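# Structural overview
This is what each chain is made of:
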Amino acid sequence: MALTSQQQIAGTTDGLLEPSVGHFWSLLKPRVMSLVVFTGFAGMYLAPVSLHPLVFAIALFAIAAGAGASGAINQWYDRDIDAVMKRTKTRPIPAGFMAPAEALTLGLVVSAISVLLLGLSTNWLAASLLAFTIFFYALVYTVWLKRRTPQNIVIGGAAGAFPPMIGWTAVTGTLSIEPLVLFAIIFMWTPPHFWALALVKNDDYARAQIPMLPVVAGATETRRQIVIYAVLMAPLAVVPSFIGMASLSYGVVASLAGAVFAGLSLKLWRDGSDKTAMQLFGYSILYLFLVFLGLVIDRFAAGWMVV
Amino acid sequence: MMQPRNQPKTASEMQRMRKGRNFVLLGIIAGLAALFYVLTLVKIGGAS
């Protein structure tokens, strides 16, 4: 019997809307993946040894896939609060495009493939770090911290800070001070970045009962914490110049970029406006891009001058 | 974000959409198989 009406079609899909490939893609949080690809690439490129280009590309792909997989598991677990928040209610699960089990399956399968691929292409220390990152984001941050403590972003931020460390380890097979500095920069960058957004989206988080710092401690305390983290983060980004990882030129650029970050944080502390909060949020993305691009260009220029 | 306007209106549209998704999945699996094959060749070739 031919199906012709929308109702009959709906009846064949358990009431779910028909998902497109784009819905599955959006489950992997492509914007987060792009940041992971960039910082992971920087970690790999800055390492003192090099990989075969194909192995390099496969390792980077595996790191990105691992990040995407943890995003899918995050969306599976957070489907109840995603449905309440304006910012997330159009995600595939709350919007009714797929069953939660489909998202979880995708997340687990892609997690396994990404760890296996990284281990086989590079080394198992890097693969273990990737597995730990997925575990940390999906369980420690999403399941344990996010709904329990206003420090969710601070501790959970470690998950976003791991990719350059994984990239470095994938190339060298070991850990050293340099990848730890890259980790520390992103770790200290994460709280002011997310809290700037949380100040503006405060009502959304409050409605979903997520204890973000502005919801629990108020806007004034959040702005104070943003300044503290920004002031601590700015000098950290200059450290690569002092440990032989980058030149003085990079240090000057990082100092200037950090000064702007701290200046915007102070401006937000004083005026407390949504406009400044969004300015800081936007600039924080540019800042991280500038710092890591600066490191990559610096290394490229150093190699070029040697040649 | 994807909107419900992408929804199929007839059974044949729905089948076409599912067929498209299946082909994408086939492409991903084939791509992964090729990736592991090429990776094996590169590793056997002595690349670190």
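Located above this text is the structure these notes cover.
The structure contained in this document is the topic of the report that follows. (Residues numbered from 1 in each chain as written. Chains lettered and ligands numbered in written order. Predicted model: local features only at pLDDT ≥ 70, side-chain atom pairs only at ≥ 80, totals over all residues.)

## With respect to the overall build of chain A
In terms of regular secondary structure, chain A is built from 14 helices and 0 strands. For chain A, the sequential pattern of α-helices and β-strands runs α-α-α-α-α-α-α-α-α-α-α-α-α-α. Seen through its C-alpha atoms, chain A measures out along the principal axes to roughly 75 × 50 × 30 Å. The 307 residues of chain A split such that 50% are buried. Summarising the internal contacts of chain A: among those between residues at least 6 apart in sequence, 71% fall at separations of at least 24. (Helix = DSSP H or I, 4+ residues; strand = E, 2+ residues; numbered from the N terminus. Buried ≥ 20, exposed ≤ 12 C-beta atoms within 10 Å, placed from the backbone. Contact = placed C-beta atoms within 7 Å.)

## Overview of the packing of helix α3 (residues 30-46) of chain A against helix α4 (residues 53-77) of chain A
All names here are of chain A. Contact pair α3 / α4: the axes reach a minimum separation of 9 Å and the direction vectors enclose 145°. Every pair of crossing elements has a handedness; the one defined by α3 and α4 is right-handed. Contacts between α3 and α4 involve Val32, Met33, Val36, Val37, Gly40, Phe41 and Met44 on the former and, on the latter, Phe56, Ala59, Leu60, Ile63, Ala64, Ala67, Gly68 and Gly71. Of the residues belonging to the contact of α3 with α4, the class tally is 12 nonpolar, 3 polar and no charged. (Axes fitted to C-alpha atoms, helices over the stretch in contact; angles between N-to-C directions. Left-handed = near helix turned anticlockwise from the far one by under 90°. Nonpolar A, V, L, I, M, F, W, Y, C, P; charged D, E, K, R; others polar.)

## What about the environment of Val238 of chain A?
Residue and element names in this part refer to chain A. The residue Val238 is located in the loop between α12 (219-236) and α13 (248-271) in this model. Judged by local crowding, Val238 falls into the buried class, with 20 C-beta atoms found within 10 Å. Sequence separation between Val238 and Gly160 is 78 residues; the distance between their C-alpha atoms is 20 Å. Those residues in contact with Val238, other than ones at most four positions away along the chain, are Gly251, Ala254, Ser255 and Gly258.

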